[in-house]
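Descriptive analysis of the structure
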Amino acid sequence: MITVARGSLVLMVHGLCAVAPVQQNDCWIEAAGGTLDAEDATALLDHWTTGAPMGRSV
């Protein structure tokens, strides 16, 4: 398991999105709202940035 960051969810999402794409499948975020993989983190970051709707609730 690779720990990208601990703390605020926004910091963890940015950290996971910064991991090389070939390594992202080995990483995830465990937050109060659930577990996020790289795809979830990217969607969440896009939602925060553009207001685009999300497919799953986080």
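Before any of the text, the structure's been laid out above.
Residues numbered from 1 in each chain as written. Predicted model: local features only at pLDDT ≥ 70, side-chain atom pairs only at ≥ 80, totals over all residues. Heavy atoms only, no water.

A word on the overall build of the protein
When its secondary structure is counted, the protein shows 2 helices and 2 strands. For the protein, the N- to C-terminal ordering of α and β elements is α-β-β-α. Every one of the 58 residues in the protein was classed for burial, and the buried ones make up 24%. For the protein, long-range pairs separated by at least 24 residues make up 29% of all intrachain contacts whose partners lie at least 6 apart in sequence. Of the roughly 4,000 Å² of accessible surface on the protein, a fraction of 54% belongs to carbon and sulfur atoms. (Helix = DSSP H or I, 4+ residues; strand = E, 2+ residues; numbered from the N terminus. Buried < 20%, exposed > 50% of the residue type's maximum accessible area, 1.4 Å probe, protein only. Contact = heavy atoms within 4.5 Å. Areas by Shrake-Rupley, 256 points an atom, 1.4 Å probe, with all protein chains shown as cover.)

Examining the side chain of Gln24
Structurally, Gln24 is set in the loop between α1 (9–18) and β1 (29–31). On the basis of relative accessibility, which here comes to 16%, the residue Gln24 falls in the buried class. What Gln24 contacts, discounting residues up to four positions off in sequence, is Leu16, Cys17, Val19 and Ala38.

Describing the environment of Thr42
With respect to the element layout, Thr42 can be found in helix α2 (residues 38–50). According to the relative accessible area criterion, Thr42 is partly exposed, its value standing at 44%. It is 7.6 Å that separates the C-alpha atoms of Thr42 and Val13, two residues lying 29 residues apart in sequence.

Observations concerning α2
Structural remark: α-helix, 3.6 residues per turn; residues separated by three or four positions point the same way. With 13 residues, α2 should reach 18 Å at 1.5 Å per residue; the first-to-last C-alpha distance of 18 Å fits that figure. Among all positions in α2, only Ala38, Asp40, Ala41, Leu44 and Leu45 are buried. Within α2, the buried residues cover an arc of 155° as seen down the axis, which keeps them to one side. Residues of α2 that are exposed and point over 90 degrees away from its buried face: Glu39 and Thr50. Buried residues along α2 sit against α1 and β2 (34–36). By the N-cap criterion, in which a side-chain oxygen at the helix start approaches the backbone nitrogen of a residue two or three places on, α2 is capped by Asp37, the distance to Glu39 being 3.2 Å. Phi turns positive one or two residues past the end of α2, at Gly51, with a value near 85°. (Expected span 1.5 Å × (residues − 1). Arc of directions from axis to C-beta. Polar contact = N/O pair within 3.5 Å; in protein donor to acceptor, adjacent residues only side chain to side chain.)

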